Amino acid sequence: MKKRKIITIITSFLILTGCSQQLDETLLTKQEDMLSVQAPIHIYQPVTKEEAAEAVPFSLHFPTYIPFDAVEQDVVITSWDEDLKEIALSTQYSKEETSHEHIEYVVANFDQFYRAMVYDSEFERVVLDDGITALFSETPFLSAELHWIKDDLEYNLHYSLGFDYEKSAKEELMKIANSIKQNEKKDQ
């Protein structure tokens, strides 16, 4: 359970997308662009969606539905290896009036956690509009999470409800997931 909490915390700060190609080294390999290094994980300074799109070798897509008026943070790119092949991108959508309600969106080009979660009985299997099976779980801290793999990318959503007991986290997370346009490779 402790390991799962640590994984959830890390997932909350990362958004991962990628393929076997490397990131744009001009943006990401400069030491001055890094926030921290905890070998082998490198966390880079937040960048705009446009800069993130230039740094990765595929098209990025983000949710078009958020269940509240949100302030969107810049994208944090994380490399999980020194070769910049296992990468993550993450962003957070926070409710305008309060910081208590927020959604974190993470996409990974490798299986960060999903395979381990498949065997965790805490996750309920749900089916997204495109037929993909996702894993849903509510946490005891007024939050919920949804995880799935599509086209070799791992997607993770974490919804911190703040103090809104009325919302259906499962329904909202599924709406958010269904609003994400799937990644297509850039023309090269």
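Analysis parameters
- Residues numbered from 1 in each chain as written.
- Predicted model: local features only at pLDDT ≥ 70, side-chain atom pairs only at ≥ 80, totals over all residues.
- Heavy atoms only, no water.
- Helix = DSSP H or I, 4+ residues; strand = E, 2+ residues; numbered from the N terminus.
- Buried < 20%, exposed > 50% of the residue type's maximum accessible area, 1.4 Å probe, protein only.
- Contact = heavy atoms within 4.5 Å.
- Pairing = 2+ DSSP bridges.
- Phe/Tyr/Trp six-rings, centres within 6.5 Å; stacked < 30°, edge-to-face > 60°.
- Core = buried A, V, L, I, M, F, W, Y, C linked by side-chain atoms within 4.5 Å.

This part takes up the overall build of the protein. The number of helices and strands found in the protein is five helices and ten strands. Looking at the protein as a whole, 50% of its 188 residues are labelled buried. Of the contacts formed within the protein by residues at least 6 apart in sequence, a portion of 63% connects residues at least 24 apart.

Our focus in this paragraph is the pairing of strand β6 (residues 101-108). Where burial is concerned, most of β6 is hidden: eight out of the eight residues are buried. Residues Glu101, Ile103, Tyr105 and Val107 of β6 are buried on one face, and the alternating residues His102, Glu104, Val106 and Ala108, pointing to the opposite face, are buried as well. Pairing of strand β5 (residues 87-95) with β6 involves seven bridges; the strand directions are antiparallel. Opposite Ala88, over in β6, you have Ala108 as the bridge partner.

A complete count under the given rule lists three aromatic pairs for this structure. Between Phe62 and Tyr105, the aromatic rings sit 6.0 Å apart at their centres with planes inclined by 70°, giving edge-to-face as the arrangement. Taken together, the residues span a long stretch of sequence, with Phe62 in the loop between α3 (49-55) and β3 (70-72) and Tyr105 in strand β6 at a distance of 43 residues. The burial state of Phe62 is the same as that of Tyr105; both residues are buried. Taking 6.3 Å as the distance between ring centres and 40° as the angle between the ring planes, the aromatic pair formed by Phe68 and Tyr159 counts as tilted. Pair noted here: Phe68 is in the loop between α3 and β3 and Tyr159 is in strand β10 (residues 153-161), with a separation of 91 residues, a long-range link. Residue Tyr159 is classed as buried on the basis of its relative accessible area, which comes to 0%.

Further remarks concern the environment of Phe141. By secondary structure assignment, the location of Phe141 is in the loop between β8 (133-139) and β9 (143-150). The class for Phe141 is exposed, based on a relative accessible area of 59%. For the pair formed by Phe141 and Ser160, sequence separation is 19 residues and the distance between their alpha carbons is 8.0 Å.

Within β9, seven of the eight residues are buried, which leaves the element mostly enclosed by the surrounding structure. Here β8 runs beside β9; their pairing, made up of five bridges, is antiparallel. Across the sheet, the residue bridging to Thr139 is Ser143, located in β9. In this antiparallel pair of consecutive strands, β8 and β9, the connection spans three residues, and Leu142 shows a positive phi of 50°. Bridge count between β9 and β10: eight bridges; the pairing is antiparallel. Residue Glu145 lies in a different strand from β10, and its bridge partner there is His158. The loop that links β9 with its antiparallel partner β10 comprises two residues; one of these, Asp151, has a positive phi angle of about 50°.

A few words now on the nonpolar core. Of all hydrophobic cores here, the largest spans 36 residues; its most connected members are Ile77, Ile103, Tyr105, Leu146, Trp148, Leu157 and Leu173. Secondary-structure elements contributing two or more residues to this core are α3, β5, β6, β8, β9, β10 and α5 (169-178). Ranked by size, the runner-up nonpolar core spans five residues in total, among them Phe113, Tyr114, Met117 and Leu135.

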